[in-house]
Amino acid sequence: MENKRTRGDQEEDSKIPRENQIRKSPFFSTIKQAMAVNFQKNMVDALEPVIRKVVREEVQHVLSLSPLSVDRKPQMEMISPEKPLYHLIFKNQPDLPIFSLSKIEDTDGSSLQILLVADLSNSSSSESSSLPSQIKIELVVLDGDFPRRDDWTSDEFNKAIVKERVGRRPLLTGVVNNITMRNQYVRTGELQFTDNSSWTRSRHFRIGVRVVQGSCEAGLIKEAITDKFVVKDHRGESYKKHHPPGLADEVYRLEKIAKGGVFHKRLAQNNIFNVQDLLKLWAVNPGQLREIFGPGMSDSAWKTTINHAKTCDLGNKIYIYSQQNVTIFLDSICQVVNITIDGVPYTFKDLNRNNRDYVRQLVLAAYKEWGNLREADEMINGNISQIQSETVVQGGSGFLQTDNYNNPQEYGTEDFPTDLYHEEGNFSGSLGYPYSQLP
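Residues numbered from 1 in each chain as written. Predicted model: local features only at pLDDT ≥ 70, side-chain atom pairs only at ≥ 80, totals over all residues. Heavy atoms only, no water.

Trainee: Can you lay out the pairing of strand β15 (residues 336–341) for me, pointing to particular residues and giving the numbers?
Mentor: Remark: a regular strand shows side chains that alternate across the two faces of the sheet. Most of β15 is tucked away: six of the six residues are buried. In sequence, strand β14 (residues 326–330) turns back onto β15 through a hairpin of five residues, with C334 there showing a positive phi of about 70°. In the sheet, β15 pairs with strand β16 (residues 344–346) via three bridges, with the strands oriented antiparallel. Paired with I339 across the bridge in β16 is Y346. What sits between the antiparallel neighbours β15 and β16 is a turn of two residues, in which D342 has the positive phi angle 55°. (Buried < 20%, exposed > 50% of the residue type's maximum accessible area, 1.4 Å probe, protein only. Helix = DSSP H or I, 4+ residues; strand = E, 2+ residues; numbered from the N terminus. Pairing = 2+ DSSP bridges.)

Trainee: Give a description of the nonpolar core that names residues and reports values.
Mentor: Ranked by internal contacts, the top residues of the largest apolar core, which has 33 residues, are L88, I114, I137, L139, F193 and I221. For this core, the secondary structure elements donating two or more residues are β1 (86–90), β3 (113–118), β4 (134–143), β6 (179–182) and β9 (205–211). Residues contacting I221, with those up to four places away along its chain left out, are P84, Y86, L88, L116, L131, I135, V211 and C216. One finds V251, Y252, L254 and L279 within the second-largest nonpolar core, a separate group that totals 25 residues. (Core = buried A, V, L, I, M, F, W, Y, C linked by side-chain atoms within 4.5 Å. Contact = heavy atoms within 4.5 Å.)

Trainee: Account for the side chain of H264, naming residues and giving values.
Mentor: Along the chain, H264 falls in helix α6 (residues 262–269). Taking the relative accessible area as the measure of exposure, H264 reaches 17% and is therefore buried. Excluding residues within four positions of it along the chain, H264 makes contact with V251, Y252, I257, A258 and K259.

Trainee: I'd like a description of the packing of helix α8 (residues 286–293) against helix α9 (residues 299–309), backed by residues and values.
Mentor: The N-to-C vectors of α8 and α9 enclose an angle of 120°; their axes lie 12 Å apart at closest approach. Considered as vectors, α8 and α9 are oriented oblique to each other. Considering how the two elements wind past one another, α8 and α9 form a crossing that is right-handed. In contact with P286, L289, R290 and F293 of α8, α9 contributes D299, W302 and I306. Broken down by class, the residue content of the contact of α8 with α9 amounts to five nonpolar, no polar and two charged. (Axes fitted to C-alpha atoms, helices over the stretch in contact; angles between N-to-C directions. Parallel < 35°, antiparallel > 145°, perpendicular 65-115°, else oblique. Left-handed = near helix turned anticlockwise from the far one by under 90°. Nonpolar A, V, L, I, M, F, W, Y, C, P; charged D, E, K, R; others polar.)

Trainee: Lay out the environment of R201 in plain terms, naming residues and giving numbers.
Mentor: Positionally, R201 belongs in the loop between β8 (192–193) and β9. Along the backbone, R201 and D143 are 58 residues apart, and their C-alpha atoms lie at a distance of 8.5 Å. Non-local contacts of R201, meaning those with residues more than four positions away in its chain, are made with D145 and R148.

Trainee: I'd love a proper account of α8, names of residues and values included.
Mentor: Among the residues making up α8, those that are buried are P286, L289, I292 and F293. End-on, the buried residues of α8 take up no more than an arc of 115°, which puts them together on one face. Buried residues along α8 sit against α6, α7 (275–284) and α9. Count one or two residues on from α8 and you reach G294, which has phi positive near 80°. (Arc of directions from axis to C-beta.)

In structure tokens:
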């Protein structure tokens, strides 16, 4: 039977200070034991690196005194040199923007290329005998905030690797593992991201490359990283601007024209669907094109759009339009390349004002009948006479008179502009401004 506490015992307990009663409680004892264990653990964690360093130094000192280790570096130094002798580098940076599920290319339009170079700041790098003829490397995805400093360690590099989200495919697909590098060079295969970078804290990725463990001496080669970049969702690629644009590209591929936006709709209402359509109207009547955009497009935005469109490659196609004895040759955006009268080539400088107005009418007619024009077979060394017989559209009356063309003063040609022809890569032809502004 449990002994009951007597009144005297209770009186004695009441005489014990409350502080001593708390110290004797089981709860306080448990806390005290936990604090003691935690203190010991912290002490061990703090002393462990010091103890390891002391032990390593003593072991290395003993080994250095051994006759078997004379003229030999400590083993720890051979396994992991303080400074890598070689660096992996990317030859070019990835081309931006990058979209998920799209091929990753460098700024040259090629697959990523990786080189192995010696660290010139390290005098030991000249000793390349320890470098294998081929090594294995692998590609990884890194957080955009890495690195905090240029001289990162391999451990820091590995900790910055970003893995795919739960339930998703590997973040970087293609041949990313066990890539063989021969003669300090390798070109990667087709790579693509399967996810965008918006879910990461930095919202940016980097591509990193490192040596596969066991492929060569540890610590010999430093990893490489690209510049940080954003990976956009593949659904946004349909809005991507093209640099440079192509003639067949839809107009929303140009700067300042949004897909499905006001300008896009206005152009479509005027049968301007691609870059070629836009440039043809710009070459023939830029004022009309400016009116289509309307006051909603500022002058600076107008210049940006036109300058972007003008970077496209016009190609080598030549189109022909003829009436009576006159044939004009046009490039792919309706700029005059040359004129022939009765099979003889002439320049605008050779024409008087009236005849130049007639050529202008021919260009306008050719623009309206563009779908009926036929391409010239070829244009050899600018010799228009070889294709001047390609008469495509006949019609209209009138012709150019060719007499007295050798006397420009009589026709006032000293006032004629001299830049009246399309030149390759140059959009400064006579038809690059409204006809109403022609002298």
